[in-house]
Amino acid sequence: MDRRSLLKTFTFAGLSALSGITTIKDGNDHPQIPIPDKLKPGDTVRLIAPAGVIYQKDRINIALENMRALGLKPTLGKHVYDRYGYFAGTDHDRAQDIMAAFIDPDVKAIFALVGGWGSALTLSHLDFNLIRKNPKIIVGYSDITALLNGIYTKTGMITYHGPNATSRWNNFTTKSAKSILFDGINPHYKTPQHKGGALTVHNNRVQTIEAGSASGKLVGGNLTVLSSLVGTPYLPDMKGKILFLEEIGEAIYRVDRMLATLELSGILNDISGVILGGFTRVEPDGDGFGTFALMDVFERYFKGSGKPTYYGALFGHIEQKHTIPIGQDATMDANKGIFRLL
């Protein structure tokens, strides 16, 4: 079946799911914004693999068990066991699983299984008009950054940067996700500063880079993935936004290069503030002598910028992670190292 025929099929199948859409005005006279319904125990959810192939099949079993432990009824996308190189199926097939999840009236939320690489390649295959007419919670992180920001940009629908279905859903991570996805609570996001028996805090230290407060809609995710969207129609308008960023496994000079891309494209000038989360295994390239430290790079771009910035928020490739709604209004205080939803 070719893409045009496939989308016609989606259109026909999606007609039954178009009733009961919740929308609000965004305050700027834009078209009404679709708001996904919150989850309830017993809801059916769909697990999809929009990016990397899942080599260890037991990881899918773990994902299913995670969802059941949340009180949900998980179902699997048609292509999650597929393998096409390092992708979980072709771009078209992965996009088909995304669309099928959105138009299925029984599915109340969509969780990505894993990241990797490949979500961006599904974007040109998606019918954003149908997605907008069938708003649902969609959750993931890492490479899923492309999908979350692409959908938000094209539909205005809030998406959720949070744990993948295969993630370790510890007490902290689960509590944060449930407060947002089930309870609809607008929480304060704060990093606990535990000393752990030491004289001062060593882990997850909050560090103010540029003092001040800011407000705006939250956008962001993985730095590598977000910077790869620059120049495409899938990157959000950054004017007045609070940008949140995380990274894993990159040399410091690569972080420098990606932040330079954001600066040269005007993004760092447009935003209102910056929240930096986990930068896991981001280290000097080589023995570390005669190079910049990660904080040197952060200060290069954000200190003195007038954009309130702090480092140490809990999201990204770390054990304890918050769930953050992309597209929701928030305020941040870089002096205190906190942000909250409005």
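Numbering of residues starts from 1 in each chain and follows the order in which that chain's sequence is written. A pLDDT threshold of at least 70 governs which residues receive local features in this predicted model, and a stricter bar of 80 or more applies before side-chain atom pairs are shown or counted, although totals over entire chains, interfaces and linings include all residues. To get the side-chain values, all heavy atoms of the structure are used, and hydrogens and water are removed first.

1. Concerning the packing of aromatic side chains
Under the convention used in this document: Classification of ring pairs rests on two measures: the distance between centres of Phe, Tyr or Trp rings, Trp counted by its six-membered ring, which must be within 6.5 Å, and the angle between planes, read as stacked under 30 degrees, edge-to-face over 60 and tilted in between. Each helix corresponds to a stretch of at least 4 residues labelled H or I by DSSP, and each strand to a stretch of at least 2 residues labelled E; elements are numbered beginning at the N terminus. Buried, partly exposed and exposed residues are distinguished by accessible area as a fraction of the type maximum, computed with a 1.4 Å probe on protein chains only: under 20%, between the cut-offs, and over 50%, respectively. Counted as over-ring charges are cases with an Arg CZ or a Lys NZ within 6 Å of the ring centre that also lie within 35 degrees of the ring normal.
Considering all chains together, one arrives at eight aromatic pairs under this definition. Ring geometry for phenylalanine 128 against tyrosine 234: centres 6.1 Å apart, planes inclined by 40°, an arrangement best described as tilted. Here the residue phenylalanine 128 occupies a position in helix 4 (residues 128-133), and tyrosine 234 occupies one in the loop between helix 7 (223-228) and strand 11 (242-248), the gap between them amounting to 106 residues. Residue phenylalanine 128 is classed as buried on the basis of its relative accessible area of 13%. Overall, the relative accessible area of 16% leaves tyrosine 234 in the buried class. Taken together, a centroid distance of 6.2 Å and an interplanar angle of 80° make the contact between phenylalanine 279 and tyrosine 311 edge-to-face. In this pair, phenylalanine 279 sits in strand 12 (residues 273-280) while tyrosine 311 sits in strand 13 (residues 309-311), placing the two residues 32 residues apart along the sequence. Put simply, the rings of Phe279, Phe298 and Tyr311 touch in pairs and so form one group of aromatic residues. Geometry around phenylalanine 182 places lysine 178 over its ring, the cationic atom sitting 5.9 Å from the centre.

2. Concerning the side chain of threonine 159
The following threshold applies: Here, two residues are considered to be in contact whenever any of their heavy atoms come within 4.5 Å of each other.
Within the secondary structure, threonine 159 sits in strand 7 (residues 159-161). In contact with threonine 159, not counting residues within four places along its chain, are Ile138, Leu148, Ile151, Tyr152, Ile324, Pro325 and Ile326.

3. What about helix 8 (residues 252-264)?
Definition in use: Expected helix span is taken as 1.5 Å per residue step, with the number of steps being one fewer than the number of residues.
For helix 8, with 13 residues, the first-to-last C-alpha span of 18 Å sits near the 18 Å given by 1.5 Å per residue. Along helix 8, the positions that sit buried rather than exposed are Ile252, Val255, Asp256, Met258, Leu259, Ala260 and Leu262. Those residues of helix 8 hidden inside the fold are in contact with helix 7, strand 11, helix 9 (267-270), strand 12 and helix 10 (294-302). Looking at the residues trailing helix 8, positive phi occurs at glycine 266, about 90°.

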